[in-house]
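Listed below, chain by chain, are the residues.
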Amino acid sequence: MTKPYVYLLVTMILFGTAFPSSKVAVGQLPHEVAAALRFGGAALVLILVLALRRDSSRFSWRDLRTAGAPGLVGVFAYNLFFFWALTKAPAIDGSVIVPTMSPVLTTIALVLTGRESASRRRVVGLALGVIGAVVFFVGIGGAVSGSHLAGDFLYLVAAACWAFYSIASKKVLTGIDPLRATTYATGVGALALALVAIPAFPDTHWAEVSTTVWANIIFLAIGPTAVAYLFYYRALHSVSPSTATVAMFTVPVFGTAAAVTFLEESFTTLQIVGAVITIAGALLAVIKMSARPGRNEVTLKEDACSGKTSR
């Protein structure tokens, strides 16, 4: 069953490019406005796709409430903090902090709620994740400022929002198909973002917004949002939240490459060390490994949410 993992890979590539692309957008737009335009555009694309489907008439307020609630966290809250962070810290920080801490926070939530066990391996992994994050922050060095640290903290809050979204969305998908769930979640989140952005619209210098920024907004709405969120939901339909968030460990690679290429951002050697430690710790915390008696092979188990085991 490779299709869910193809969905995840495409999603992570798109998520990685979203960091530098969003940084370009907030260069000329208030962060609330940039977030509202990105998800407002994505919601329109998804609504159009859903309307063209044969069963588009099957609308229920219950489904809207069920899928919309996670959207308030995974779309509205996540992107409010994400775009706000971009105004204070480099995009490259976000491309490391968000995708590495989301799996760790997801695992912590699953352990605390009793849906996964707190093994020694996981405790060590979580500790390494925290140590790696500290090393990463220390690696900022002379470039550190109050604003920079505040931005990195906002990235961390965004990661917590995504962890909640991944767990909550798994439950949503038991009764709603991925396209409809993605459309409802994105629509509700986009509406909330638009309400928050309204006060900033009059102060936005629309005539000064460049073609490059508009191109990035269009790309963000279609690629890293409409397509990526839909693919993420399709993957979650078949795999567990832990498995889905593990895939986010590839985002720093794509995000860092894009930030260095398009924004000419840089990072220190100590930051690289911190990122590697965090990724290693997160992998230990998220992946449960157990050797079967009488065999040397190692089995990777998905968490209890999926009830599936793969080798």
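This one's a predicted model, so the numbers in the text were calculated from it and none came from an experiment.

What counts and what doesn't
- Residues numbered from 1 in each chain as written.
- Predicted model: local features only at pLDDT ≥ 70, side-chain atom pairs only at ≥ 80, totals over all residues.
- Heavy atoms only, no water.
- Salt bridge = Lys/Arg side-chain N within 4 Å of Asp/Glu carboxyl O.
- Buried < 20%, exposed > 50% of the residue type's maximum accessible area, 1.4 Å probe, protein only.
- Helix = DSSP H or I, 4+ residues; strand = E, 2+ residues; numbered from the N terminus.
- Contact = heavy atoms within 4.5 Å.
- Core = buried A, V, L, I, M, F, W, Y, C linked by side-chain atoms within 4.5 Å.
- Expected span 1.5 Å × (residues − 1).
- Arc of directions from axis to C-beta.
- Polar contact = N/O pair within 3.5 Å; in protein donor to acceptor, adjacent residues only side chain to side chain.
- Axes fitted to C-alpha atoms, helices over the stretch in contact; angles between N-to-C directions.
- Parallel < 35°, antiparallel > 145°, perpendicular 65-115°, else oblique.
- Left-handed = near helix turned anticlockwise from the far one by under 90°.
- Nonpolar A, V, L, I, M, F, W, Y, C, P; charged D, E, K, R; others polar.

Caption draft 1: Layout of the pattern of salt bridges. If you walk through the whole model with that rule in mind, you get two salt bridges. With its nearest N and O atoms 3.9 Å apart, the salt bridge here joins Arg-62 to Asp-63. Judged by its relative accessible area of 5%, Asp-63 falls in the buried class. Ionic pairing is found between Asp-177 and Arg-180, a salt bridge with its closest N-O pair at 3.6 Å.

Caption draft 2: Structural view of the environment of Leu-46. Among the secondary structure elements, Leu-46 is positioned in helix H2 (residues 31-51). Exposure remark for Leu-46: the relative accessible area of 2% places this residue in the buried category. As for Leu-46 and Tyr-184, which are separated by 138 residues in sequence, their C-alpha atoms are 8.9 Å apart. Setting aside residues no more than four positions away along its own chain, Leu-46 makes contact with Leu-179, Thr-182, Thr-183, Thr-186 and Ala-226.

Caption draft 3: Seen up close, the nonpolar core. If you look at the biggest cluster of nonpolar residues, it comprises 72 residues, and the most contacted ones within it are Met-12, Tyr-78, Phe-82, Tyr-155, Trp-162, Leu-193 and Tyr-229. For this core, the secondary structure elements donating two or more residues are helix H1 (3-25), H2, helix H3 (61-86), helix H4 (91-112), helix H6 (146-172), helix H7 (178-197) and helix H8 (211-236). Leave out the neighbours within four places in its chain, and Tyr-229 touches Phe-15, Phe-39, Gly-74, Val-75, Tyr-78, Asn-79, Trp-162, Tyr-165, Thr-182 and Pro-224.

Caption draft 4: Here's a closer look at helix H10 (residues 251-263). Under the 1.5 Å per step criterion, the end-to-end length of H10 is 17 Å for 13 residues, consistent within 8% with the ideal 18 Å. Listing the buried residues of H10 in full gives Val-251, Pro-252, Gly-255, Thr-256, Ala-258 and Ala-259. An end-on view of H10 places all buried positions within 165° of arc, on one side of the element. Exposed residues lying more than 90 degrees from the buried face of H10 are Val-253 and Thr-261. Those residues of H10 hidden inside the fold are in contact with H1 and H4.

Caption draft 5: Up close: the side chain of Thr-225. Tracing the sequence through the fold places Thr-225 in helix H8. Polar side-chain contacts of Thr-225 include one of 2.5 Å to the backbone oxygen of Leu-220. Leave out the neighbours within four places in its chain, and Thr-225 touches Arg-38, Phe-39, Ala-42, Leu-220 and Leu-230.

Caption draft 6: Layout of the packing of H2 against H3. Between H2 and H3, the shortest axis-to-axis distance is 9 Å and the interhelical angle comes to 135°. By the angle between their directions, the pair H2 and H3 is classed as oblique. Once H2 is placed against H3, the crossing between them reads as right-handed. For the pair H2 and H3, the contacting residues are His-31, Ala-34, Ala-35, Arg-38 and Phe-39 in the first and Val-75, Asn-79, Leu-80, Phe-82, Phe-83 and Trp-84 in the second. Class assignment for the residues of the contact of H2 with H3 results in eight nonpolar, two polar and one charged.

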